[in-house]
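An overview of the molecular structure
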Amino acid sequence: RGVLQRAEAKNQNGRIYPREILEREAKKYTKEFIGQRRAMGELDHPESSVVNLQNVSHNVKEMHWEGDNLLGTVEVLGTPSGNILKELFKSGIKLGISSRGMGSVETVTEDNGGQSQEVQDDFELIAFDFVSNPSTHGAFMYPMNESVDKTKVVGRTCGDYCKVESIINDIMRGS
């Protein structure tokens, strides 16, 4: 769970997403993707505007607004990329999330004289991808406890093998 995107704030890429555009796209994404269980994303941002199924790592389960923050819950999948994501989380790696979209930007002058890129009305949200350094400040995802319990593996019961694997991983990490 965590911040997926933020409206009305300059991000590290110098972009500002107007609230009304982000609200429109979040509503559309919820209806067309989350509601149909196809709100998939990948590790890192690929160059493509299409989500590549062989690289899918997660699925967005829900999104909601808290102020200008678009928050969400993400399900990590048992795919090869999803397993990499699970291992990174289990190792305590702090991972960010970033929206992938297409559209134009317009340069605007800020009150302090600086410049930023304002996302325009033709913006289309494609996906949310996990990244090492998100452009949105504070857009890091935090695992819920049950999803990173080292003795439980989603989709199967965990016997002695999983416990041994967990102990070996702990020894190798020096914990």
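See the structure shown above.
These numbers were taken from a predicted model, which means no experiment stands behind them. (Residues numbered from 1 in each chain as written. Predicted model: local features only at pLDDT ≥ 70, side-chain atom pairs only at ≥ 80, totals over all residues. Heavy atoms only, no water.)

A look at the overall build of the protein chain
Each helix and strand counted, the protein chain has 3 helices and 10 strands in total. In the protein chain, buried positions account for 35% of the 175 residues. A separation threshold of at least 6 residues defines the contact pool for the protein chain, and within that pool the share at least 24 residues apart is 61%. Surface summary for the protein chain: the accessible area is close to 10,100 Å², and the carbon and sulfur share equals 51%. (Helix = DSSP H or I, 4+ residues; strand = E, 2+ residues; numbered from the N terminus. Buried < 20%, exposed > 50% of the residue type's maximum accessible area, 1.4 Å probe, protein only. Contact = heavy atoms within 4.5 Å. Areas by Shrake-Rupley, 256 points an atom, 1.4 Å probe, with all protein chains shown as cover.)

Considering the pattern of salt bridges
Applying the stated criterion across every chain, the model contains 10 salt bridges. Across the salt bridge formed by Glu25 and Arg24, the nearest N and O atoms sit 3.0 Å from each other. With relative accessibility at 3%, the residue Glu25 sits in the buried group. Residue class for Arg24 comes out partly exposed when judged on its relative accessible area of 31%. A salt bridge links Glu87 to Lys90; the nearest nitrogen and oxygen atoms lie 3.2 Å apart. Of this pair, Glu87 and Lys90 both sit in helix H2 (residues 80-90), 3 residues apart, roughly one helical turn. (Salt bridge = Lys/Arg side-chain N within 4 Å of Asp/Glu carboxyl O.)

Let's talk about empty space enclosed by the protein
On inspection of all chains with the given rule, the structure shows 2 cavities of 30 Å³ or more. Roughly 30 Å³ of internal volume is contained in the second largest cavity. If you go around the second largest cavity, the residues you meet are Gln5, Arg6, Ala9, Lys10, Asn11, Thr136 and His137. Of the residues in the lining of the second largest cavity, the class split is 1 nonpolar, 4 polar and 2 charged. (1 Å grid on protein atoms, 1.4 Å probe; cavity = no way out; pocket = protein on both sides within 12 Å on 5 of 7 lines; lining within 4 Å. Points joined across faces, edges and corners; volume = space filled by probe spheres on them. Nonpolar A, V, L, I, M, F, W, Y, C, P; charged D, E, K, R; others polar.)

Considering the packing of aromatic side chains
On inspection of all chains with the given rule, the structure shows 4 aromatic pairs. Between the aromatic rings of Tyr17 and Phe123, the centroid separation amounts to 5.5 Å while the plane-to-plane angle is 80°, which identifies the pairing as edge-to-face. Within this pair, whereas Tyr17 is found in the loop between strand S2 (15-16) and helix H1 (19-32), its partner Phe123 is found in the loop between strand S8 (115-119) and strand S9 (124-131), the two being separated by 106 residues in sequence. Assessed through its relative accessible area of 7%, Phe123 is described here as buried. (Phe/Tyr/Trp six-rings, centres within 6.5 Å; stacked < 30°, edge-to-face > 60°.)

As for the pairing of strand S6 (residues 95-102)
The buried fraction of S6 amounts to 6 of the 8 residues, a majority that puts the element mostly inside the structure. Bridge analysis of S6 against strand S10 (residues 140-141) gives 2 bridges, and the strand direction is antiparallel. Paired with Leu95 across the strands is Met141, a residue of S10. (Pairing = 2+ DSSP bridges.)

Side note on the layout of surface pockets
In this model, the second largest pocket occupies a volume close to 390 Å³. For the second largest pocket, the lining is made up of 26 residues, of which Arg15, Tyr17, Ser99, Arg100 and Gly101 are closest to its centre. Mapped by element, the contributors of at least two residues to the lining of the second largest pocket are S6 and S9. If you tally residues by element for the lining of the second largest pocket, the top one is S6, at 5 residues.

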